[in-house]
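An overview of the molecular structure
The residues making up each chain are set out below.
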Amino acid sequence: MDRQQDRLCLQFLWDFVTAKKPLINSPFFPVLFSFTAYMAFCLPYIALDFVSTRLPNLRKYKIQPQNYPTLGMMVPCIIQSAYHHVVWIFPVTFLHWYWKPVNLPVVAPELPEVLLQVVICLLLFDFEYFLWHLLHHRVPWLYKTFHKVHHKHVSTFALTTQYSSVWELLSLGFFAAINPLLLGCHPLTEMIFFLVNIWLSVEDHSGYDLPWSTHRLVPFGWYGGAPHHDLHHLKFKSNYAPYFTHWDRLFGTFTEIEE
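Structure report, in brief. Source: prediction; values computed, not measured.

**A look at the overall build of the protein chain**
Assigned secondary structure in the protein chain consists of 12 helices and zero strands. Beginning at the N terminus, the succession of helices and strands in the protein chain can be written as α-α-α-α-α-α-α-α-α-α-α-α. The C-alpha atoms of the protein chain give 19 Å as radius of gyration, which agrees with the globular expectation for 259 residues (18 Å, within 12%). For the C-alpha atoms alone, the extent of the protein chain along its principal axes is close to 50 × 40 × 40 Å. Relative to its 259 residues, the protein chain shows a buried fraction of 46%. In the protein chain, 71% of the contacts between residues at least 6 apart in sequence involve partners at least 24 apart. Accessible area for the protein chain stands at about 13,900 Å²; split by element, carbon and sulfur atoms hold 71% of it. Computing the positive centroid from 17 side-chain charges and the negative centroid from 18, the protein chain places the two 8 Å apart.

**Describing the packing of helix α8 (residues 166–183) against helix α9 (residues 187–205)**
Following both chains from N to C, one finds α8 and α9 inclined at 150°, their axes separated by 10 Å at the closest point. With respect to α9, the element α8 is oriented roughly antiparallel. Viewed along their axes, α8 and α9 form a crossing whose handedness is right-handed. Packed against α8, whose contacting residues are A176, A177 and P180, the element α9 presents E190, F193, F194 and N197 at the interface. Class assignment for the residues of the contact of α8 with α9 results in five nonpolar, one polar and one charged.

**Side note on the nonpolar core**
Ranked by internal contacts, the top residues of the largest apolar core, which has 26 residues, are W14, I24, L122, F125, M191, F193 and Y243. Counting residues per element, the ones that place at least two in this core are α1 (2–18), α3 (29–51), α6 (111–138), α8 and α9. At seven residues, α6 tops the list of elements feeding residues into this core. Counting residues in each nonpolar core, the second largest holds 18 residues, with Y45, I198, V202 and Y208 among its members.

**Some points on the layout of surface pockets**
Reported here for the largest pocket is a volume of approximately 1,500 Å³. Sorting the residues of the lining of the largest pocket by element identifies α3, α5 (71–99), α6, α8 and α9 as the ones contributing at least two each. Here the lining of the largest pocket gets 11 residues from one element, more than from any other, and that element is α8. Its residues assigned to classes, the lining of the largest pocket comprises 29 nonpolar, 15 polar and four charged. By volume, the second largest pocket amounts to about 300 Å³. Lining the second largest pocket are 16 residues, with H215, G224, P227, F254 and E256 positioned closest to its centre. Elements that contribute at least two residues to the lining of the second largest pocket include exactly α10 (214–217) and α11 (225–235). The greatest single-element share of the lining of the second largest pocket, amounting to three residues, is contributed by α11. Residues that form the lining of the second largest pocket fall into these classes: five nonpolar, six polar and five charged.

Rules and cut-offs
Residues numbered from 1 in each chain as written. Predicted model: local features only at pLDDT ≥ 70, side-chain atom pairs only at ≥ 80, totals over all residues. Heavy atoms only, no water. Helix = DSSP H or I, 4+ residues; strand = E, 2+ residues; numbered from the N terminus. Rg over C-alpha atoms; globule rule 2.2 N^0.38 Å. Buried < 20%, exposed > 50% of the residue type's maximum accessible area, 1.4 Å probe, protein only. Contact = heavy atoms within 4.5 Å. Areas by Shrake-Rupley, 256 points an atom, 1.4 Å probe, with all protein chains shown as cover. Lys, Arg positive; Asp, Glu negative; His and termini not counted. Charge placed at Lys NZ, Arg CZ, Asp CG, Glu CD. Axes fitted to C-alpha atoms, helices over the stretch in contact; angles between N-to-C directions. Parallel < 35°, antiparallel > 145°, perpendicular 65-115°, else oblique. Left-handed = near helix turned anticlockwise from the far one by under 90°. Nonpolar A, V, L, I, M, F, W, Y, C, P; charged D, E, K, R; others polar. Core = buried A, V, L, I, M, F, W, Y, C linked by side-chain atoms within 4.5 Å. 1 Å grid on protein atoms, 1.4 Å probe; cavity = no way out; pocket = protein on both sides within 12 Å on 5 of 7 lines; lining within 4 Å. Points joined across faces, edges and corners; volume = space filled by probe spheres on them.

Printed below as a string of C-alpha cells:
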C-alpha cells in the first residue's frame, strides 16, 4: 500500500509529461529542454543583479558587492550559450535520439526511488567533475586550452555558468547524461536530475549567498554552494568540487571564506 502511494504521488506528474509525448519524442526536445531550463533558472538572478544595485537590503547578499555584471557582460554569455546549444549540443543529442529512441513507460517511479537516484547522480557528477576540474587546473596545457575561458570572470554571475569551452560543456554534459543511464533511471527521474543539476550549477555561479541557498539547507558544511565556488574563481587553486565539500577536504584543496 505504501509503495502504491509513493508511485501515485508522481503518477499525476508523469501523466502530464507523457501527454506531451510528441514533443518529448522530438529530436529537438533535449536541446530545448536544456536551454529553456538554463535560461529560466538564470532569469531570477539576472533580475536580482539589476535590482540589488539600488536596494541595500538585497545588495548585502552579494558575495562580491563591489562587482556587478553589466548588460555588456551578460549578452556575450547568452549568445555563446545559444550558439553552443545549436551547433554542438543539438547534433550530439540528435545522434543519441537516433541511436536510442525515447521510451516512455506508462507507470511513474516511486518517490523514494527518485529521491535516492537523484542524490546518487549528484554525488557521481560531483566526483566526476571534481577529477576533471582538478586535472584541468593541474595540467597547464589543459587549463589554457580548455578551461581558461570559464575563468574569464573572477566575480561570477548566473550567466557565467555555461560560459566555457565546447570541450568543457560537452564533458560535463556527458557526465550528467551517463549517470542516469548507468543507474537505469526512469525518464522522469532523469528529467528531475537534469533540472536539479542545472539549478545547482546556476546557483553556484550566481554570486549570491541568499538565506534559502542550498548550502544553508544542507547541514554540517557538507555542501559548498555559491560561496564555495566563488572562492574558486577568486583563488583558482582550491574548491574544485562543484557541489559537495568532502572531496576538497580529502584532497586538501578546501578553502573557506575568511571572516
